[in-house]
Amino acid sequence: MVATVLAAWLNWQEFTQLGVVAFVLLVLGLLWQVWPGEPVADLVVRPSRLVEGGTRATVALDFRAGAMPMLFPKVTLPTGRQGVSLRLPFLAPYAHHREAVPLPALPRGVYVVGPVTYERTDPVGLVSRRFEAGGTVEVLVAPTVTDLSVFAGGLTHDLDGATSQQLSMSDLAFHALREYVPGDDLRHVHWRSSAKAGELLVRQYHESHRGHVTVLVDADRTSYARSRDFELAVSVATSIAIRAVRDDFDTYLRCGSHVARGRHAAAMTDVACRFEGEDDHYLEHVADAATEVPTTGLVVQVTGAARDLAQLDAAAERFDRGAARIVVRADSGSDAYLRDSHALREISVPSLVRLQELFARGMR
């Protein structure tokens, strides 16, 4: 536009030519952008489940160009709030390109990888446009945990416990035999009775108090003296929950509104990836847990140094009085200790490496 105005004002042929060339380049750049045939991108993340501080994930990116050639396009792979950028080589029309993109080290959490964003630029670089291609993949980064080899020993001293009216296929109090149905665990088949009856019979049990473990994480950030103490609390709670499910206890793990229940370690680590600090609704969440698992045999409250012990005691009172109660404080700035207070046993854990020793003492 400037060249055209100058050409008309000064009557210079050179500015007329310059205006025509600039106009043609602009039209070509716009046509380059609206030309049909969009690129296609597929991505696969391996592995999609990680442990904080462990192996890093790699994205296998399969990129196919559209109808127009791509001149060394810049591709960005969003990873949560971060992003990994790389420059692809020249791609002819409909050409394929595969690239392995390593992701950076990620802290505990849930990350959405994708969609792939790229810039389409004309040969002169006058007009560029940003596009998205491909879907999204969720990557779970679990907290660091430690093995608690003595956990089961602290609960098996009272094997039968107090039975409930709920029937279970794997607990301690035997109830009766019933016919086998598809899906039953073959370990519970009573072979002698099956031989006499001429059909498969399986054992059925009453659920007992001692077969349930409840682990509650305080999600209130103000309960922790330091931000890293909350991460320590998540690691502590996940370690306890994993030990419980490995010992075949029905486990209830909760932090805020995120809950996992069952006997599978993957369910515990997956939900721990989603734990976040929030406003103080801890007592409400404990009340919900007491309603959902009233017959639990062990209640473990994982919190920080600032949470009042009287509140924790009141929260534990919501559960059955036959349940054992332990408070674990994640406090990286204090020394480790173990003490009894009223009906609660209190443990202070300054680091994850001390958890096994302290929890073994606390379960005696």
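Presented here is a report on the structure given in the accompanying data block.

About the thresholds
Residues numbered from 1 in each chain as written. Predicted model: local features only at pLDDT ≥ 70, side-chain atom pairs only at ≥ 80, totals over all residues. Heavy atoms only, no water. Helix = DSSP H or I, 4+ residues; strand = E, 2+ residues; numbered from the N terminus. Buried < 20%, exposed > 50% of the residue type's maximum accessible area, 1.4 Å probe, protein only. Contact = heavy atoms within 4.5 Å. 1 Å grid on protein atoms, 1.4 Å probe; cavity = no way out; pocket = protein on both sides within 12 Å on 5 of 7 lines; lining within 4 Å. Points joined across faces, edges and corners; volume = space filled by probe spheres on them. Nonpolar A, V, L, I, M, F, W, Y, C, P; charged D, E, K, R; others polar. Axes fitted to C-alpha atoms, helices over the stretch in contact; angles between N-to-C directions. Parallel < 35°, antiparallel > 145°, perpendicular 65-115°, else oblique. Left-handed = near helix turned anticlockwise from the far one by under 90°. Salt bridge = Lys/Arg side-chain N within 4 Å of Asp/Glu carboxyl O.

### Considering the side chain of His-285
Positionally, His-285 belongs in helix α6 (residues 282–292). Looking at His-285, the relative accessible area reads 15%, which means it is buried. Setting aside anything within four residues of it in sequence, one finds His-285 in contact with Arg-254, Gly-256, Ser-257 and Glu-278.

### Some thoughts on the layout of surface pockets
Looking at the largest pocket, its volume works out to about 400 Å³. Every residue lining the largest pocket is counted, 17 residues in all, and those nearest its centre are Arg-108, Gly-109, Val-110, Tyr-111 and Glu-276. Looking at the lining of the largest pocket, the elements that each hand over two or more residues are β7 (109–113) and α4 (227–246). With three residues, β7 is the single largest residue contributor to the lining of the largest pocket. Of the residues that constitute the lining of the largest pocket, the class distribution is six nonpolar, four polar and seven charged.

### Notes on the packing of α4 against helix α5 (residues 265–272)
Relative placement of two packed helices is described by the angle separating their axes and the distance separating the axes. Two numbers describe how α4 lies on α5: the axes approach to 9 Å, and their chain directions differ by 165°. As judged from the angle between their axes, α4 and α5 are roughly antiparallel. Once α4 is placed against α5, the crossing between them reads as right-handed. Residues Val-234, Thr-238, Ala-241, Ile-242 and Val-245 of α4 form the contact with α5, whose own contacting residues are Ala-265, Met-268, Thr-269 and Ala-272. Residues belonging to the contact of α4 with α5 are distributed by class as follows: seven nonpolar, two polar and no charged.

### Section: the pattern of salt bridges
In the structure shown here, the tally under the stated rule is 20 salt bridges. Here Asp-288 and Arg-254 are joined by a salt bridge, their closest N and O atoms 3.6 Å apart. With a gap of 34 residues between them, Asp-288 in helix α6 and Arg-254 in strand β15 (residues 250–255) connect regions that are remote in the sequence. Here the residues in one salt-bridge network are Asp-147, Arg-243, Arg-246 and Asp-247, joined through shared partners.

### Digging into empty space enclosed by the protein
Considering all chains together, one arrives at one cavity of 30 Å³ or more under this definition. Taken as a whole, the largest cavity encloses approximately 30 Å³ of empty space. Lining of the largest cavity is provided by Leu-216, Val-217, Arg-254, Gly-256, Tyr-282, His-285 and Val-286. Mapped onto the lining of the largest cavity, the elements with two or more residues apiece are β14 (212–217) and α6. With three residues, α6 is the largest single contributor of residues to the lining of the largest cavity.

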